[in-house]
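Observations on the three-dimensional arrangement
For reference, the chains in residue letters:
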Amino acid sequence: DGQFIKFDKSVDGYMVERGHGVAAPTRDLVRRICEAGWLYRKISASVQNMTESKRSLGMVVQGLAAGLQAELSEYYRLVAVLQAQS
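Residues numbered from 1 in each chain as written. Predicted model: local features only at pLDDT ≥ 70, side-chain atom pairs only at ≥ 80, totals over all residues. Heavy atoms only, no water.

1. Quick notes on the pairing of strand β2 (residues 13-16)
When strand β1 (residues 5-8) meets β2, the two strands line up antiparallel, connected through four bridges. Within β2, the residue paired with K6 across the bridge is M15. Taking the residues between adjacent antiparallel strands as the criterion, β1 and β2 are bridged by four residues, where D12 takes a positive phi near 55°. (Pairing = 2+ DSSP bridges. Helix = DSSP H or I, 4+ residues; strand = E, 2+ residues; numbered from the N terminus.)

This is the structure:
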């Protein structure tokens, strides 16, 4: 969550807070860009559920969880680099 964009549980997505004078077309573009954050949040929760599961997981599921976690870490690193450049 940022200064103007917050996660809204009622719509299960990120939204620009009202009252900041953001035009509707811009608000729609921001919502579309924020979909990547929504996907990150969903995949991260799934990976966490896989790794914290009490039942024994097969090697395929463990490999999938490790691969997804590596990709999420790389994505997070990319976002940090892009944010530092702006």
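2. Description of the packing of aromatic side chains
Tallying each qualifying case throughout the model produces three aromatic pairs. Taking the centre distance of 5.1 Å and the plane angle of 70° together, the rings of F7 and Y14 count as edge-to-face. Considered together, F7 and Y14 belong to a single accessibility category, that of buried residues. Each member of the aromatic cluster is reached from another via a ring pair, and the members are Y40, Y75 and Y76. (Phe/Tyr/Trp six-rings, centres within 6.5 Å; stacked < 30°, edge-to-face > 60°. Buried < 20%, exposed > 50% of the residue type's maximum accessible area, 1.4 Å probe, protein only.)

3. Brief notes about the side chain of R27
If you trace the backbone, R27 turns up in helix α1 (residues 24-33). Within the buried core, R27 has no salt-bridge partner, and the shortest N-O distance to an opposite charge, that of D28, equals 9.0 Å. Excluding its chain neighbours within four sequence positions, the residues that come into contact with R27 are V16, E17, R18 and V22. (Lys, Arg positive; Asp, Glu negative; His and termini not counted. Salt bridge = Lys/Arg side-chain N within 4 Å of Asp/Glu carboxyl O. Contact = heavy atoms within 4.5 Å.)

4. Focus on the packing of helix α2 (residues 35-52) against helix α3 (residues 59-85)
In contact at an axis separation of 10 Å, α2 and α3 are set at 145° when each is read in the N-to-C sense. Between α2 and α3 the crossing geometry is left-handed. Contacts between α2 and α3 pair A36, G37, Y40, I43, S44, V47, M50 and T51 from the former with V61, L64, A65, L68, Q69, L72, Y75 and Y76 from the latter. (Axes fitted to C-alpha atoms, helices over the stretch in contact; angles between N-to-C directions. Left-handed = near helix turned anticlockwise from the far one by under 90°.)

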